[in-house]
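Listed below are the residues making up each chain.
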Amino acid sequence: MTLWPAPLRAEAVPVLRLGILEFGTVGWEVETIRRLGLDRQAGVELQVQRLASSDAARIAFLGGSVDVIVSDLLWAARLRAEGRAVSFLPFSATEGAVMVSADSALRTVGDLAGRSIGVAGGALDKSWLLLRAHGLRHLGIDLATAAKPVFGAPPLLTETLRRGGLDAGLLYWTFCARLEAQGYRRLIGVEEIAAGLGTGGRIAFVGHVFSPAAPAAAVAGFARASAAAKQVLAQDDGAWQALRPLMQADDEATFEALRRRFVEGIPTRSVAAEMADAARLYAVLAELGGEALVGPARELPAGLYWQAPA
């Protein structure tokens with residue numbers, strides 16, 4: 001009897017379990033990756049789990065049911081400072097802004113004194129803390145007391161601003177883009193605030209946060225697929241037409257504003273440059289937000305940023 005050798009088995013493709021919000025902008029990138037097969041080309045299989053909210057995403061991540069989510073740099077830094085060996089890959093450097101109506105008399109940050117300003121999130125929101133730092137450093141005022149902040153959910157604040165119930169709104173970038181399409185004006189953007197606090201370029205405050213349990217090969221493959229998708233979205237206007245149903249942009253002005261702001265925020269800087277500027281702003285935020293914001297670490301934890309294997 002002749003014994004034939006068993007056929008060689010193809011090497012298994014590493015799997016990465018990705019948690020994304022139902023209507024988040026990371027879905028635009030993931031859809032591009034999957035539609036063009038960029039994940040398989042990069043040697044990884046994505047298993048996507050759609051989640052209802054940022055809190056649900058963090059719970060899923062901490063519970064181990066997903067390997068990666070998109071979240072805030074400060075949250076990732078806090079986890080690492082507390083002993084969880086998470087890593088951070090920049091996703092977007094597009095940030096929010098202080099928005100006012102086209103006919104508003106407000107022209108500068110100083111004009112916000114005595115005025116109502118809706119702040120998306122809470123008193124420890126990073127954009128709000130950076131705006132406060134701007135006021136303290138450049139104007140000698142603390143907007144926490146000089147202005148009239150109103151904290152709340154972005155959709156509610158946006159609608160209140162539209163109805164004239166607020167003088168200004170510090171909102172997340174997608175809400176800002178939609179307002180821009182309706183003629184609203186940016187009083188100051190978070191990237192301008194950051195530059196005024198000493199950064200040398202735009203910082204990605206939002207990124208892919210990887211669990212230390214995620215397979216290294218899957219993480220590296222995903223990083224390649226993510227970069228490839230960003231390149232497509234930066235160069236191919238046609239790729240955006242496939243995303244339009246996900247963008248909830250019925251009119252052309254809103255579609256173009258969302259597309260433009262997304263592309264502007266595609267990270268292009270080196271990891272070293274990102275880390276240096278992030279460390280500068282982290283120190284500012286730690287001073288204002290204290291342990292309630294950043295936990296035990298007063299400095300950006302070492303090893304936080306993911307880097308491709310040599």
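Only a predicted model underlies this, so the values are computations on that prediction, with no experimental measurement involved. (Residues numbered from 1 in each chain as written. Predicted model: local features only at pLDDT ≥ 70, side-chain atom pairs only at ≥ 80, totals over all residues. Heavy atoms only, no water.)

Caption draft 1: Layout of the sheet that holds strand 7 (residues 148-152). With mixed pairing, the 5 strands of this open sheet are ordered in space as 7-6-8-5-9. In this open sheet, the two edge strands, each paired with only one partner strand, are strand 7 and strand 9 (185-189). Within the sheet, the average angular offset between the axes of one strand and its neighbour, ignoring direction, is 25°. In this sheet, strand 7 lies alongside strand 6 (residues 116-120) in parallel orientation, the contact comprising 5 bridges. (Pairing = 2+ DSSP bridges. Helix = DSSP H or I, 4+ residues; strand = E, 2+ residues; numbered from the N terminus. Axes fitted to C-alpha atoms, helices over the stretch in contact; angles between N-to-C directions.)

Caption draft 2: Geometry of the side chain of Asp125. Inspection of the secondary structure puts Asp125 in the loop between strand 6 and helix 5 (126-139). Buried and unpaired, Asp125 has no salt bridge, with Lys126 as the nearest side chain of opposite charge at 5.4 Å. Within the local environment of Asp125, its side chain forms a polar contact with the backbone nitrogen of Ser127, the two atoms lying 3.0 Å apart. Here Asp125 is in contact with Ala120 and Tyr172, once residues within four sequence places are set aside. (Buried < 20%, exposed > 50% of the residue type's maximum accessible area, 1.4 Å probe, protein only. Lys, Arg positive; Asp, Glu negative; His and termini not counted. Salt bridge = Lys/Arg side-chain N within 4 Å of Asp/Glu carboxyl O. Polar contact = N/O pair within 3.5 Å; in protein donor to acceptor, adjacent residues only side chain to side chain. Contact = heavy atoms within 4.5 Å.)

Caption draft 3: Highlighting helix 5. For helix 5, which comprises 14 residues, the first-to-last C-alpha distance of 19 Å matches the rise-based estimate of 20 Å (1.5 Å per residue) to within 8%. Where helix 5 is concerned, the buried positions are Lys126, Ser127, Trp128, Leu129, Leu130, Leu131, Arg132, Ala133, His134 and Gly135. Capping the start of helix 5, Asp125 holds a side-chain oxygen 3.0 Å from the backbone nitrogen of Ser127, two or three residues further along. Gly140, located one to two residues past helix 5, shows a positive phi value of around 70°. (Expected span 1.5 Å × (residues − 1).)

Caption draft 4: A look at the nonpolar core. Core analysis: the largest hydrophobic core is formed by 51 residues, its most contacted members being Val98, Leu112, Ile117, Leu130, Leu131 and Leu304. Core analysis: the next-biggest nonpolar cluster, separate from the first, contains 37 residues, Val26, Trp28, Trp240 and Phe262 among them. (Core = buried A, V, L, I, M, F, W, Y, C linked by side-chain atoms within 4.5 Å.)

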